[in-house]
Amino acid sequence: MKNKIKEIIFIFFLSINLQADLIGIPGEIIAIKLNEKINIRHDNDLVINFNGNEYVILPVPYSVNDTVIKKGSYSIKVKKKDFGESRITITNPSMVDLSKSDSDRAYKESLLIKKALNTFTNNISPSFDFISPVEGIISSRYGKKRFINDKPRSPHLALDIAASEGTTIIAPSSGRIILVGDFFYSGKYIMLDHGKGLISSYSHMSEISVSIDSNVKKGDILGKVGSTGRVTGPHLHWSVYLNKERINPESLLKENYLDLLLKASQDRI
């Protein structure tokens, strides 16, 4: 009986802790209208002016369990979501169980990516009117639990689009190239800064057609699909970051996506 009471008390307090001002879906973006009561903006936040009002655009971090995040005095409940799983087999064991030299290389390359995520510009105003960077078939969606050779790995926080080797990759939105490399995991790789913390990256390319610090417009050629790095076949591994959180790229392809975000914010008022 005592254990049952403890369980009820635990559930009660858990439900209180999970109460929030807003509910968000993992990997998605939310817009919050700012006013006298809600002023949660920070210097690096993406703020959009629309019809005389200001909205802060925030990423909802990836999570498979219910959790609550705080933004100043504002709280956002991240809903539990089952993204499913993805299982792949890599026949080259050296690409799965890394040697010390490969591990050191991969670590140094991860630091380059982290540094690039901190070098975005506030001089570019990002557009959420994205187009698909490549014509192909979605082979793995955002959020799936990843197993490589039956071993659990980090979740798949990107969109994989399978296409033939050499298929053209284009910029889904305008921006500036902030990183170009040939990495252990990602192969031939670039990062594109869309402004104010919105950044996209492109992995496993066979060719890169842009250079560091070059400006590209929506639809410009970035390179070609390949199978460089750790892959099982030719495809584009497309990641999108907002405030260094990896979000779902597929959502950005919705028609009038920003208008939908702002309308959802207005409907909550």
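Everything numeric in this text was worked out from a predicted model, so none of it was measured. (Residues numbered from 1 in each chain as written. Predicted model: local features only at pLDDT ≥ 70, side-chain atom pairs only at ≥ 80, totals over all residues. Heavy atoms only, no water.)

1. Thoughts on the confidence of the model for the protein chain
In step 1: For the protein chain, mean pLDDT is 87; residues scoring 70 or higher make up 90% of the total.
In step 2: Counted against residues more than four places away or in other chains, residues 4-18, with its pLDDT under 50, gives five contacts. (pLDDT = per-residue confidence, 0-100. Contact = heavy atoms within 4.5 Å.)

2. Quick look at the layout of surface pockets
In step 1: Of the volumes computed, that of the largest pocket is approximately 1100 Å³.
In step 2: Y185, S186, R230, H237 and R246 are the residues nearest the centre of the largest pocket, which is lined by 38 residues in total.
In step 3: For the lining of the largest pocket, the secondary-structure elements that each account for two or more residues are β7 (85-88), α2 (100-117), β8 (137-140), β9 (144-148), β10 (151-156), β11 (159-162), β15 (198-208) and β18 (235-242).
In step 4: Examining the composition of the lining of the largest pocket, we find that seven residues originate from one element, α2, more than from any other.
In step 5: Looking at the lining of the largest pocket, its residues break down into 16 nonpolar, 15 polar and seven charged.
In step 6: Roughly 230 Å³ of internal volume is contained in the second largest pocket. (1 Å grid on protein atoms, 1.4 Å probe; cavity = no way out; pocket = protein on both sides within 12 Å on 5 of 7 lines; lining within 4 Å. Points joined across faces, edges and corners; volume = space filled by probe spheres on them. Helix = DSSP H or I, 4+ residues; strand = E, 2+ residues; numbered from the N terminus. Nonpolar A, V, L, I, M, F, W, Y, C, P; charged D, E, K, R; others polar.)

3. Concerning the side chain of S63
In step 1: Tracing the backbone shows S63 in the loop between β4 (53-59) and β5 (67-71).
In step 2: Of the polar contacts made by the side chain of S63, one reaches the backbone oxygen of N65; its length is 2.8 Å.
In step 3: Apart from residues lying up to four places away in sequence, S63 is in contact with P26, V78, K79, K81 and F83. (Polar contact = N/O pair within 3.5 Å; in protein donor to acceptor, adjacent residues only side chain to side chain.)

4. Some words on the pattern of salt bridges
In step 1: Considering all chains together, one arrives at ten salt bridges under this definition.
In step 2: The residue R87 makes a salt bridge to E85 at a minimum N-O spacing of 2.7 Å.
In step 3: For E85, a relative accessible area of 42% puts it in the partly exposed group.
In step 4: The partner of E250 in a salt bridge is R141, with the nearest N and O atoms 3.0 Å apart. Of this pair, E250 sits in the loop between β19 (245-247) and α3 (257-268) while R141 sits in the loop between β8 and β9, placing them 109 residues apart in sequence.
In step 5: With relative accessibility at 24%, the residue E250 sits in the partly exposed group. (Salt bridge = Lys/Arg side-chain N within 4 Å of Asp/Glu carboxyl O. Buried < 20%, exposed > 50% of the residue type's maximum accessible area, 1.4 Å probe, protein only.)

5. Looking at the nonpolar core
In step 1: Ranked by size, the top nonpolar core spans 33 residues in total, and within it I29, I57, F128, I169, Y202, L222 and W238 carry the most contacts.
In step 2: If one sorts the elements of this core by residue count, β18 sits on top with four residues.
In step 3: Leaving out residues up to four positions away in the same chain, I57 has contacts with I29, I30, A31, L46, I48, F128, L242, N243 and L262.
In step 4: Formed by 13 residues, the second largest nonpolar core is a distinct cluster that contains I40, V47, Y74 and I76. (Core = buried A, V, L, I, M, F, W, Y, C linked by side-chain atoms within 4.5 Å.)

6. Quick notes on the side chain of E28
In step 1: Within the secondary structure layout, E28 lies in the loop between β1 (22-24) and β2 (29-33).
In step 2: Despite its burial, E28 pairs with no opposite charge; the closest candidate is K254, at 5.0 Å N-O.
In step 3: A distance of 3.5 Å separates the side chain of E28 from the side chain of N248, its partner in a polar contact.
In step 4: A distance of 2.5 Å separates polar atoms of two side chains, one belonging to E28 and the other to S251.
In step 5: When sequence neighbours within four positions are dropped, the list of residues in contact with E28 reads L58, P59, V60, I247, N248, S251 and Y257. (Lys, Arg positive; Asp, Glu negative; His and termini not counted.)

7. Regarding the packing of aromatic side chains
Given two aromatic rings, one states the distance between the centres and the angle between the planes to describe the pair.
In step 1: Tallied over the full model, the rule gives six aromatic pairs.
In step 2: Plain terms: the ring middles of F128 and Y257 are 6.4 Å apart, the flat faces sit at 50° to each other, and that makes the pair tilted. Linking F128 in the loop between α2 and β8 with Y257 in helix α3, this pair joins segments that are 129 residues apart in sequence.
In step 3: Accessibility expressed as a relative area gives 3% for F128, which makes it buried.
In step 4: Between F184 and Y185 the ring centres are 5.2 Å apart and the planes differ by 80°, which places this aromatic pair in the edge-to-face class.
In step 5: Judged by its relative accessible area of 6%, F184 is buried.
In step 6: Positioned above the aromatic ring of F147 is the side chain of R87, whose terminal nitrogen or guanidinium carbon lies 3.9 Å from the ring centre. (Phe/Tyr/Trp six-rings, centres within 6.5 Å; stacked < 30°, edge-to-face > 60°. Lys NZ or Arg CZ within 6 Å of the ring centre and 35° of its normal.)

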